[in-house]
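Structure at a glance
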Number of protein chains: 2
Amino acid sequence: MLESPLQKKRMEYKPKIPEWLDEDVCFEKVEGKKGPENIKKLFPKTFEASAYRLKKGKGKNGHVKIGVVFSGGQAAGGHNVIAGILDSGAEVIGFLGGPSGVVENKRKEIRDIHFYRNQGGFDLIGSGRTKIETEEQLKASLKACNGLDGIVIIGGDDSNTNAAIMAEYFLQHGSKTRVIGVPKTIDGDLKSEDIEISFGFDSACKTYSELIGNIARDALSAKKYYHFIKLMGRSASHITLECALQTQPNLALISEERRSLKEIVLQIANLIKRREEAGKKYGIVLIPEGLIEFVPELNELPVERDPHGNIEVSKIQTEKLIIDLVQKEVKFNVQDHFFGYEGRACMPTNFDANYCYALGKLAYLAVREELTGVICSIQHLAQPQEKWTFKMVPIVQMMHLESRLGKEKPVIKKALVDIKGKAYVKFSALRKSWELEDAYRYPGPIQFFGDPELTDSVPLSLK
Amino acid sequence: MLESPLQKKRMEYKPKIPEWLDEDVCFEKVEGKKGPENIKKLFPKTFEASAYRLKKGKGKNGHVKIGVVFSGGQAAGGHNVIAGILDSGAEVIGFLGGPSGVVENKRKEIRDIHFYRNQGGFDLIGSGRTKIETEEQLKASLKACNGLDGIVIIGGDDSNTNAAIMAEYFLQHGSKTRVIGVPKTIDGDLKSEDIEISFGFDSACKTYSELIGNIARDALSAKKYYHFIKLMGRSASHITLECALQTQPNLALISEERRSLKEIVLQIANLIKRREEAGKKYGIVLIPEGLIEFVPELNELPVERDPHGNIEVSKIQTEKLIIDLVQKEVKFNVQDHFFGYEGRACMPTNFDANYCYALGKLAYLAVREELTGVICSIQHLAQPQEKWTFKMVPIVQMMHLESRLGKEKPVIKKALVDIKGKAYVKFSALRKSWELEDAYRYPGPIQFFGDPELTDSVPLSLK
């Protein structure tokens, strides 16, 4: 394989983590909240677990053997999680092609990770969307993990839900394999008071913001088109909110405002009319992919349904639907875009590269210190690395009972955009001024060298 | 306006040009070929003009006043052309919104260009697609240019054709305003033995290649989808060829191979089958936007036609058409993408920033030295700046008679991909090995700081 010059240079980057993470460290229990009572009976062995804080001090010794698996969609930095575990001294087994690789015990030993350091994608071992849920799958996983001191599941909300279930199952069946979760997802919806942000979000948003900025500058130069840009993100609008703060479009829709489609269409039509009065026949509109799930008219829309009559939300081309509806109100020239795959497997920003490497180190320590059913939590991420704090938090604390396909299931609650949160409030205060004035901001491509202001910036919605 | 940190940093970048360009320089005539005889009568005043080479030596003195206009689609670096003219000491008038700004004499004086240095887009003065062709338009332009020593037309093949016509018209009508062309277009099809490359091509290709690489890494990680990626470029496939060399996809179609749609569809279906046999259900296919114009079956396709029965090529969604046809041959999961606007108004690479700044300096000198009907030519661009050579070439030399909408017109011949050229030959030698092996190369985002290998690379198809 002929690597690009940037691929090679990035292999040499040394992620920045607090120095003491490589010294003698151990965990101490911290007072924490418990998960909701109604899931207690489902997690008899793990429900009462505490959170643990990492501190300086003598920890356990000894060699550990750790399995790793990527679960779900790509997010930049995943390879660095594995690098962090490997560099800590663990023997590392990678399960291939996602959780199905655990169930089917498809694996390879990972010894050299040089070509994958600070690189995008999950291609070292692949990823997949299988969920480990059934008794049969859990049994097969337990068998596959035999001889492993721990398994690190790098995934989103559903994958970490599975991690909690595996941890409980493993304990109930006398397995010594610890199950550790690592918060991954570009969507940014795996978030709690302990999880400030999932990895991959920063890189994805910076890539999309580069493109949105480029398109905005084109729109402002050509003065000819409205660009309706749909942004990936299953339900929540975190990505759209972050990209809006980065690029200052004329309009950014936020699903969590739960406005009616009718209201949205009229708002856009009105914006286009007012801009035309100001001599402007162009503009930028950001649309979160999940928008349609939140509109109250969802059930009345003329959209595709599956054989059971259910709306297939993922098949709705929301941006095109909105364009069609707005065009019934006002004439305008439009181009539509959808950005998703462009930013999932990009080279991780320094933020994600550092964060992931530290997550790997933390996951290793959790296995070594024999914790299970816990997820890695690093806090104060917007501050310099030396201020970061490290915790392992019981996943059950993040769970609740939710009805899925008619069944009550214990799941991690998806974190939506908090319309009382600082990021939304800031956006809300600014957006009016973006409508008629063109206050476009052009972030440009992710930079890896030069001024730390460029290379080490953190997501605006984290500040 | 709140600029991003990168916008601000890039304002400070000093484009690299040969030092002697700012010293005493003048032009000397060089032996050159003439344009085709059959356009001679259309250009009585300019047909016999010579090309001029820039050399050290005492040139003319005196203040010049220069009008500038952007014509056509955005290309990264345009603002630097103006910066080059301004920094040379000229008084600069910008015509607003493209050539229609000349016809209607909509203008503004440009004094401070700080916020636009090394930035993308044409938004300082805007751009447009009007052509200055009719007697009425030419007359109005002549009037608008009254008092200007020169007008610099920054545009593609058609815009430079217009520049040649204006130069001839201006001379015939006793105007002293010189008309100078600057080769702009991301498409890369304004190319000749004198024009190695147009500006904007490098930045656009690097932006698209970043995205293609990201998507390829995603495909290789998820192993789930074929990604069919259409790339902008009106007719020629230069962009697709360059991006293919940069990213090494499984397949890149080149319009200039003039293969039948049937053959293309069978080739893709066959590739998908062979990859499936090798256990691979994913891949990357690049499709040039202009492909459909070159297929012999164009007239038999079930596509939209205008009221006159003519096929509207630009409305054919080539990538979707091909996907539909391939899906009749073989089952596969696919995502389609179209990249165009993402790379036209991006921040210029150092290559484009330097090239454009030098083009501006050269355009200024051409006006000062009273040349007209000429286009800026900088050669040896793949070498360090000190090796660059500078010429002004009569545009008529690049022209020929072509039938357009039933009329014989003198136009600049669009440069297609030369299937005997080095870039195509290299691609052709490599592509077989990309089909089954995944030799994806990940260029990553454009870098502006650090190792010159990263920041100052030139297009692969220029090497």
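This structure is a prediction, so every number in the text was calculated from the model and none was measured. (Residues numbered from 1 in each chain as written. Chains lettered and ligands numbered in written order. Predicted model: local features only at pLDDT ≥ 70, side-chain atom pairs only at ≥ 80, totals over all residues. Heavy atoms only, no water.)

1. What to know about helix 7 (residues 238–247) of chain A
Residue and element names in this part refer to chain A. A large share of helix 7 lies buried, amounting to 10 of its 10 residues. Those residues of helix 7 that fall on the buried side of the exposure criterion are H238, I239, T240, L241, E242, C243, A244, L245, Q246 and T247. On its buried side, helix 7 packs onto helix 6 (201–222), strand 9 (226–231), strand 10 (251–252), strand 11 (283–288) and helix 13 (422–436). Directly beyond the C-terminal end of helix 7, a positive phi value near 55 degrees is found at Q248. (Buried < 20%, exposed > 50% of the residue type's maximum accessible area, 1.4 Å probe, protein only. Helix = DSSP H or I, 4+ residues; strand = E, 2+ residues; numbered from the N terminus. Contact = heavy atoms within 4.5 Å.)

2. A few points about the packing of aromatic side chains
Counted according to the given criterion, the structure contains 16 aromatic pairs over all chains. Centroid distance A:Y424 to A:F427: 5.8 Å. Interplanar angle 55 degrees. Geometry classified as tilted. Placement of the pair is A:Y424 and A:F427 together in helix 13, with a separation of 3 residues, close to one helical turn. Summarising the burial analysis for this pair, A:Y424 and A:F427 share the class buried. Note on B:F351 and B:Y355: the rings are 5.8 Å apart at their centroids and 45 degrees apart in plane angle, and the pair reads as tilted. Of the two residues, B:F351 and B:Y355 are both situated in helix 12 (residues 350–368); the distance of 4 residues between them amounts to about one turn of the helix. On the accessibility criterion, B:Y355 (0% relative accessible area) is buried. Pairwise contacts between aromatic rings join A:Y226, A:F228 and A:F332 into one cluster. Sitting over the ring of A:F338, A:K230 keeps its end group 4.6 Å from the ring centre. The aromatic ring of B:Y282 is capped on one face by B:R275, whose charged end is 5.0 Å from the ring centroid. (Phe/Tyr/Trp six-rings, centres within 6.5 Å; stacked < 30°, edge-to-face > 60°. Lys NZ or Arg CZ within 6 Å of the ring centre and 35° of its normal.)

3. Re the interface of chain A and chain B
Listed as interface residues are 56 residues of chain A and, on the opposing side, 56 residues of chain B. Counting each side, the surface lost to burial between chain A and chain B is near 4,700 Å², with a carbon and sulfur contribution of 54%. There are 6 salt bridges connecting chain A and chain B. The shortest N-O distance in the salt bridge between A:K9 and B:D451 comes to 2.7 Å. On the surface where chain A and chain B come into contact, there are 30 residue pairs in polar contact (both at pLDDT 80 or more). Counting residues per element, the ones that place at least two in the side of chain A that touches chain B are helix 1 (5–11), helix 6, strand 12 (334–339), helix 11 (341–344) and helix 14 (452–455) of chain A. (Buried area = accessible area lost by both parts, 1.4 Å probe. Salt bridge = Lys/Arg side-chain N within 4 Å of Asp/Glu carboxyl O. Polar contact = N/O pair within 3.5 Å; in protein donor to acceptor, adjacent residues only side chain to side chain.)

4. Looking at the domain arrangement of chain A
Residues and elements named next belong to chain A. Segmenting chain A into domains produces domain 1 (5–200 + 348–412) and domain 2 (202–344 + 418–462). Distance between the C-alpha centres of domain 1 and domain 2: 32 Å. Contacts between the two partners involve 26 residues from domain 1 and, on the opposite side, 21 residues from domain 2. Across the interface of domain 1 and domain 2, roughly 2,000 Å² is buried in total on both sides, 56% from carbon and sulfur atoms. By the criterion of area lost to domain 2, the three top residues of domain 1 are I186, D187 and T349, representing 28% of everything that side buries. Here domain 1 is connected to domain 2 by 4 salt bridges. The salt bridge involving D189 is made with R234; its shortest N-O contact spans 3.8 Å. Taken together, domain 1 and domain 2 are joined by 13 residue pairs in polar contact (both at pLDDT 80 or more). Where the side of domain 1 that touches domain 2 is concerned, the elements lending two or more residues are helix 1, helix 5 (157–172) and helix 12 (350–368). Its residues placed into classes, the side of domain 1 that touches domain 2 shows 9 nonpolar, 6 polar and 11 charged. (Domains from an automatic or database assignment. Nonpolar A, V, L, I, M, F, W, Y, C, P; charged D, E, K, R; others polar.)

5. Focus: the relation of the copies chain A and chain B
With an RMSD of 0.0 Å, the fit of chain A onto chain B corresponds to turning through 180 degrees and sliding 0.0 Å along the axis. Such values leave the two copies arranged in the relation of a two-fold axis. The overlap is high: 100% of the interface residues of chain A also sit at the interface in chain B, so the same surface is used on both sides. (Least-squares fit on C-alpha atoms with pLDDT ≥ 70 in both.)

6. Some details on the pattern of salt bridges
All names here are of chain A. Tallying each qualifying case throughout the model produces 72 salt bridges over all chains. One salt bridge in this structure joins D158 and K131, with 3.1 Å as the shortest N-O distance. Linking D158 in helix 5 with K131 in the loop between strand 6 (127–128) and helix 4 (135–144), this pair joins segments that are 27 residues apart in sequence. Residue classification places K131 among the partly exposed positions, given a relative accessible area of 33%. Among the salt bridges present, the one from R259 reaches E257, with a minimum N-O distance of 3.7 Å. Just as R259 is buried, E257 falls in that class too. If you follow the salt bridges from partner to partner, you end up with D157, D187, D189, R234 and K414 in one network.

7. Focus on the sheet that holds strand 10 (residues 251–252) of chain B
All names here are of chain B. Within the open sheet, the 4 strands sit side by side as 10-11-9-12. Their pairing is parallel. Looking at the sheet topology across the chains shown, the edges are occupied by strand 10 and strand 12 (334–339). Two elements, strand 9 (residues 226–231) and strand 12, share 6 bridges in a ladder whose sense is parallel. Paired with I229 across the two strands is H337, which belongs to strand 12. Across the face of the sheet, helix 8 (residues 261–277) comes into contact with strand 9, strand 10 and strand 11 (283–288) while running at roughly 150 degrees to strand 9. (Pairing = 2+ DSSP bridges. Axes fitted to C-alpha atoms, helices over the stretch in contact; angles between N-to-C directions.)

8. Comments concerning the sheet that holds strand 10 of chain A
Residue and element names in this part refer to chain A. Here we have 4 strands laid out as an open sheet, ordered 10-11-9-12, and parallel in their pairing. The sheet terminates laterally at strand 10 and strand 12, the two strands that pair on one side only. Where helix 6 meets the sheet, its contacts fall on strand 9, strand 11 and strand 12, and the angle it forms with strand 9 comes to roughly 170 degrees.

9. Regarding the packing of helix 2 (residues 78–87) of chain B against helix 12 of chain B
In a packed pair of helices, the relevant descriptors are the angle between the two axes and the axis-to-axis distance. All names here are of chain B. With their axes 7 Å apart at the nearest point, helix 2 and helix 12 run at an angle of 40 degrees to one another. One element, helix 2, and the other, helix 12, form an angle in the oblique class. Pair helix 2 / helix 12 crosses with right-handed handedness. Residues G78, N80, V81, A83, G84, I85 and D87 of helix 2 form the contact with helix 12, whose own contacting residues are A353, C356, Y357, G360, K361 and Y364. Class assignment for the residues of the contact of helix 2 with helix 12 results in 7 nonpolar, 4 polar and 2 charged. (Parallel < 35°, antiparallel > 145°, perpendicular 65-115°, else oblique. Left-handed = near helix turned anticlockwise from the far one by under 90°.)

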